[in-house]
Amino acid sequence: MAGRADATMGLVVSAFVTLLCLTAVLAWVNERFVRIPTTVGVTLAGALSSLLVLGLEALGISVGLKARAQEMLQTLDFTAFVLNGILSVLLFAGALSLDARRLLHQRAGIFTLATAGTIVSAVVAGAGAWAAFRVVGLELPFAWALLFGALISPTDPVAVLDMLRRVNAPPRLKTLIAGESLFNDGVGVVLFVAFAGLAGVDAGGHVGAGLGGALLVFAREAVGGVAFGAALGWLGYRMCRSIDGHIVEIVITLALVAGGYLAADTLGVSGPLAMVVAGLVVSAGKEEAFDPVTREQLEGFWETLEQVLTVLLFAFIGFDVLLTETFGPQVLASVLIIGVALLARAASVIVPIRLVRHRDGYGPGTIRLLVWGGLRGGIAISLALGLPPSPYRAHLVTATYAVVLFSIAVQGLTVMPLVRRAAAADPETAAPHGT
């Protein structure tokens, strides 16, 4: 028994080291020769590498590369790697980097976008996906279509924060975009679990009984996640404030993230929402809890860890995205669903922003930026891959890959001019903003 466990651990370590080495090579090539945003560059490089493997396989000269690549991806398990692995780190680090007091000031816009906006997007995307599959002759129950809408609606905070780092965006604009992305991620996961209950699908052990069960799951996960995250963040803040040692304080925040996410899962509340709220609570008190040197070291540690894991995640997406078996009608439906996802994003942004634009002073380009800058990434893929076997699973996985690849490759490469224009039009802008 111990021997098998050691062998399994050895395979996981070997697969992770292989992914790390491949990611380093791809990131170096991008930085040395291409110089496009790192997340976009490593994703596209991974996808092109996958295409090369598939081409060699078709020519009969692959030397087993496809099988080895698939073995590596299966060993690491994308869903576990993201949802139960790096997601807690990425969400906490993203929240820690925000100005919690400013976020509280802009709470109306952020809360509306992250909650009502995500629900609207999920319903519109789900209805559109249901229609798109029917157009190409594929059946998909409406409950499963809503499940797709829930998993594709949250914007990926990892991709969004990477985008914002590349311009000196005004604090108001950065807080709105990053805050919405962090919270709609948690809301989207909770909505996914609730819709899974409505469809009778096991989503990580959470199964609701019809509409009532779905609403109960949503309330427990969302409210419980926020409350647990606030308590967790307060505990971490109090512990750090009582000592003066940057190494111990970094270890405390690490334990808060790893142990807190595990505890949230055990309690049946939303781990993503808990991590966001915990990060914001620590961020709000970091000037009191940490001296300037410790604060700089703590923020530097979390920023570095976040960026390394971000590059790994998007390389993983690139390798994984083209090694999934698909067939013609699924691909055709997925092309239609790319448009559906953009329409759903627009529907979820336009009304909320128009309601709060004058109150919070957002510039005229904010709506365009939020729609086109609503990048999707690893969270959507991990939720899709976590679906149990069924006749409809392959439909949703293929559509998710299509939307994510378009989001990263097309939107990610063309969004920067919109960011600069929105930044230049924002009332807080005091000087030209560059890359």
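Above this text you will find the structure in question.
Before going into details, it helps to say that this report is about the structure given with it. (Residues numbered from 1 in each chain as written. Predicted model: local features only at pLDDT ≥ 70, side-chain atom pairs only at ≥ 80, totals over all residues. Heavy atoms only, no water.)

## A word on the packing of helix α11 (residues 246-267) against helix α13 (residues 292-321)
For the pair α11 and α13, interaxial distance at closest approach is 10 Å and the crossing angle is 40°. If you check the angle between α11 and α13, you find them oblique. Two packed elements cross with a definite hand, and for α11 against α13 that hand is right-handed. Contact residues: His246, Glu249, Ile250, Thr253, Leu254 and Val257 in α11; Thr294, Gln297, Leu298, Phe301, Trp302 and Leu305 in α13. For the contact of α11 with α13, the residue count by class is seven nonpolar, four polar and one charged. (Axes fitted to C-alpha atoms, helices over the stretch in contact; angles between N-to-C directions. Helix = DSSP H or I, 4+ residues; strand = E, 2+ residues; numbered from the N terminus. Parallel < 35°, antiparallel > 145°, perpendicular 65-115°, else oblique. Left-handed = near helix turned anticlockwise from the far one by under 90°. Contact = heavy atoms within 4.5 Å. Nonpolar A, V, L, I, M, F, W, Y, C, P; charged D, E, K, R; others polar.)

## Digging into the pattern of salt bridges
One pass over the full model with this rule turns up five salt bridges. Notably, a salt bridge pairs Lys286 with Glu299, separated by 2.7 Å at the nearest N-O pair. Of the two residues, Lys286 sits in helix α12 (residues 271-289) while Glu299 sits in helix α13, which places them 13 residues apart along the sequence. Residue class for Glu299 comes out partly exposed when judged on its relative accessible area of 30%. (Salt bridge = Lys/Arg side-chain N within 4 Å of Asp/Glu carboxyl O. Buried < 20%, exposed > 50% of the residue type's maximum accessible area, 1.4 Å probe, protein only.)

## Focus: the side chain of Asp185
Positionally, Asp185 belongs in helix α9 (residues 171-199). Not counting chain neighbours up to four residues away, the residues in contact with Asp185 comprise Leu87, Leu91, Pro154, Thr155, Pro157, Pro272 and Ile379.

## Section: unusual backbone geometry
Notably, Arg35 is not glycine yet its phi reads approximately 60°, a positive angle. Topologically, Arg35 is positioned in the loop between α1 (2-34) and α2 (38-59). Positive phi, normally seen in glycine, also occurs at Asp77, with a value near 65°. Following the sequence through the fold, Asp77 ends up in the loop between α3 (65-76) and α4 (78-96). With relative accessibility at 37%, the residue Asp77 sits in the partly exposed group.

In short, the description is geometric, and any link to function would need to be established separately.
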